[in-house]
Amino acid sequence: MIAQPKPRPGKRINDPEGMRKKVLDVAEDAFQARGYHASSIGDLMAAADVSGGALHHHFPTKKALALAVIDERVAAAVEETWIAPVLAAASAREGVRAVFEAVAAQLEQQGFVRGCPLNNLAHELSLADPDFRIALAGIFAGWRRAIADKLHADQQVGKDEHTDPERFAALAVAAYSGAMSMAKATQDAGVLRDCLAGLERSAPSPSQGALAARRRNRILPRPGTP
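Now for a quick tour of the structure. None of these values were measured; they are calculated from a predicted model.

1. Regarding the nonpolar core
- Of all hydrophobic cores here, the largest spans 62 residues; its most connected members are Trp-82, Val-96, Phe-100, Ile-147, Tyr-176 and Leu-192.
- A per-element tally of this core places helix α4 (residues 62–88) first, with 11 residues.
- Aside from chain neighbours lying at most four places away, what touches Ile-147 is Trp-82, Val-86, Ala-92, Val-96, Phe-168, Ala-169, Ala-172 and Val-173.

Written out as structure tokens, the structure is:
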């Protein structure tokens, strides 16, 4: 192995990707802690220890930086926290339950609740700019689709046959999002378990599902009938 020369003290190392990652780290933390509008470019430059030219080389505008945080960090957080665990679970319901319980336990161990990264930015930015709204809505849509697809797969093997996958997915996402908002306001992660209990009680029994199907058959005419 050939020894590499050490950089001179005070000499800046050219690491564009490392610098970009550092700026994203700082911006992600600032947007979650203080909000997008309360985080100035000057504050972000100082926290990341980068010059204006270096920051604007990677992110020409503050909006471009925020979109990168949404696309690369918030979407990744939803994938890691929600989508991957649900898809890996034995069933959609078991995956949803496991996520609620894991997040509640993590927040209780952490001792404070900052909120859901997607929720936090959605509340602040959805009406501020259409590009923000579209990017955030796309993450919500992917989240719901993953849960619904998992439930469709469950139904192919005879599980949870009386549950509407799309409605269950919407309810699971809404329950979690609302629970995280309340937990942030009260600094109490217990509301996650309360919402999970309510979500699990929403599951129709086989008899209820069969009754609903019979009602639909009586109300909706079959194809070809007057």
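2. Digging into the pattern of salt bridges
- For the structure on display, the rule yields 12 salt bridges.
- Where Arg-73 meets Glu-28, a salt bridge forms, and the shortest distance between an N and an O atom there is 3.0 Å. One end of the pair, Arg-73, is in helix α4; the other, Glu-28, is in helix α1 (residues 16–33), with 45 residues separating them in the sequence.
- Arg-73 gets classed as buried once you look at its relative accessible area, which sits at 17%.
- Relative accessible area serves as the criterion here: at 28%, Glu-28 is assigned to the partly exposed category.
- For Asp-131, the salt bridge goes to Lys-63, with nearest N and O atoms at 2.6 Å. Of this pair, Asp-131 sits in helix α7 (residues 130–156) while Lys-63 sits in helix α4, placing them 68 residues apart in sequence.
- Accessibility expressed as a relative area gives 26% for Lys-63, which makes it partly exposed.
- Residues joined in a network through salt bridges with shared partners are Lys-21, Asp-25, Glu-28 and Arg-73.

3. Section: the side chain of Asn-120
- Looking at the secondary structure, you find Asn-120 in helix α6 (residues 117–125).
- Judged by relative accessible area, which is 12%, Asn-120 ranks as buried.
- Separated by 2.7 Å, the side chains of Asn-120 and Gln-32 make a polar contact.
- When residues no more than four places from it in sequence are discounted, the contact partners of Asn-120 are Gln-32, Arg-114, Gly-115 and Lys-184.

Reading the values: the criteria
- Residues numbered from 1 in each chain as written.
- Predicted model: local features only at pLDDT ≥ 70, side-chain atom pairs only at ≥ 80, totals over all residues.
- Heavy atoms only, no water.
- Core = buried A, V, L, I, M, F, W, Y, C linked by side-chain atoms within 4.5 Å.
- Buried < 20%, exposed > 50% of the residue type's maximum accessible area, 1.4 Å probe, protein only.
- Helix = DSSP H or I, 4+ residues; strand = E, 2+ residues; numbered from the N terminus.
- Contact = heavy atoms within 4.5 Å.
- Salt bridge = Lys/Arg side-chain N within 4 Å of Asp/Glu carboxyl O.
- Polar contact = N/O pair within 3.5 Å; in protein donor to acceptor, adjacent residues only side chain to side chain.

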